[in-house]
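# Architecture at a glance
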Amino acid sequence: MTIPARKLHLVRTLTAMQPGEASPHGLRRLTRADIEALGRLFYAAYVGTVDYEGETEPEAVAVVRAAFDGDYGAFVEDASMGIERDRQLVSASLVTMWNGKPLLAFAVTAPEWKGRGLSRQCVAAAMQTLAAAGQPELHLFVTASNLPALAVYKQLGFANAGAA
Ligand SMILES: CC(C)(COP(=O)(O)OP(=O)(O)OC[C@H]1O[C@@H](n2cnc3c(N)ncnc32)[C@H](O)[C@@H]1OP(=O)(O)O)[C@@H](O)C(=O)NCCC(=O)NCCS
């Protein structure tokens, strides 16, 4: 996978992770049956953000399908989580393998559910799963001007990979 230059590379060490809060309400693993719903969620989450480049909803579905198919590195099903409200996925975090290390490839929350801690809970659950499986780190790449994402990642303890 090629990483654009305007992306920051962040990493979170998982070795000293404490057991997390009880499983958040509505949390579950993602499966291929979620691909269409996830595509709709991705589209809604990204429209109007700094990372939106005019993709359509079908293109968003194709991105999600590609992630499950391993086009962004082997998909890590155990650590790819969603949170449901009223039986709809409203937040999700997808983990793939990158250079032999887990990568938070995507994190999204539906517009009407943003700012309620759902992405933080979703990514934290992924970190717990990876730590329990003996993975020492979780990596990610984020657009430098994506302030909401940077806020979530900072709160979760991610740091610049160059300084890690
Ligand atoms: C980035 C994104 C996933 C965050 O989802 P979210 O569910 O709103 O995030 P949370 O509510 O868990 O936020 C966690 C913390 O980040 C901070 N935060 C979140 N959004 C913020 C914003 N717009 N401005 C400032 N701080 C913000 C808050 O401090 C929050 O802490 P709190 O829970 O104590 O209030 C969401 O904005 C999104 O879907 N963006 C579009 C897709 C994207 O850019 N994904 C990331 C790159 S792949």
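Scroll up to find the structure this text is about.
Since this is a predicted model, take the numbers as computed values, not measurements.

Bringing the site of the ligand into the picture now. In the region of the ligand, 24 residues are neighbours, and Thr109, Lys114, Ser119, Arg120 and Ala151 sit closest. Taken together, the elements giving at least two residues each to the shell around the ligand come down to helix H1 (35-46), strand E5 (101-109), helix H3 (118-132) and helix H4 (147-155). Partitioning the shell around the ligand into residue classes produces 12 nonpolar, eight polar and four charged.

Within the largest apolar cluster, 44 residues are counted, with the highest numbers of intra-cluster contacts made by Phe42, Leu104 and Ala126. With nine residues, H3 is the single largest residue contributor to this core. Apart from the residues within four sequence positions on either side, Ala126 is in contact with Ala79, Met81, Ser93, Val95 and Leu104.

The terminal C-alpha atoms of H1, which comprises 12 residues, lie 16 Å apart, in line with the 16 Å expected from a rise of 1.5 Å per residue. Looking at H1, one finds that the buried residues are Leu38, Gly39, Leu41, Phe42, Tyr43 and Ala45. Looking at the buried residues of H1, the elements they touch are helix H2 (57-69), strand E4 (88-98) and E5. Two residues or fewer after H1 comes Gly48, characterised by a positive phi angle close to 85°.

Calculation rules
Within each chain, residues carry numbers counting from 1 in the order of the written sequence. Note on the predicted model: pLDDT of at least 70 is required for a residue's local features to be given, and 80 or more for side-chain atom pairs to be given and counted; whole-chain, interface and lining totals, by contrast, use all residues. We call a residue near a molecule or strand if the C-beta atom, set from the backbone, is within 6 Å of it. Numbering of helices and strands starts at the N terminus; helices are DSSP runs of H or I of at least 4 residues and strands are runs of E of at least 2. For this classification, the nonpolar set comprises Ala, Val, Leu, Ile, Met, Phe, Trp, Tyr, Cys and Pro, the charged set comprises Asp, Glu, Lys and Arg, and every other residue, Gly included, is treated as polar. By convention the nonpolar core is taken to be a set of buried residues drawn from Ala, Val, Leu, Ile, Met, Phe, Trp, Tyr and Cys and joined through C-beta atoms within 7 Å. Once C-beta atoms are placed from the backbone, each residue is buried if 20 or more other C-beta atoms lie within 10 Å of its own, exposed if 12 or fewer, and partly exposed for counts between those two. By the convention adopted here, residues are in contact when the distance between their C-beta atoms, placed from the backbone, does not exceed 7 Å. An expected span of 1.5 Å times one less than the residue number is assigned to each helix.

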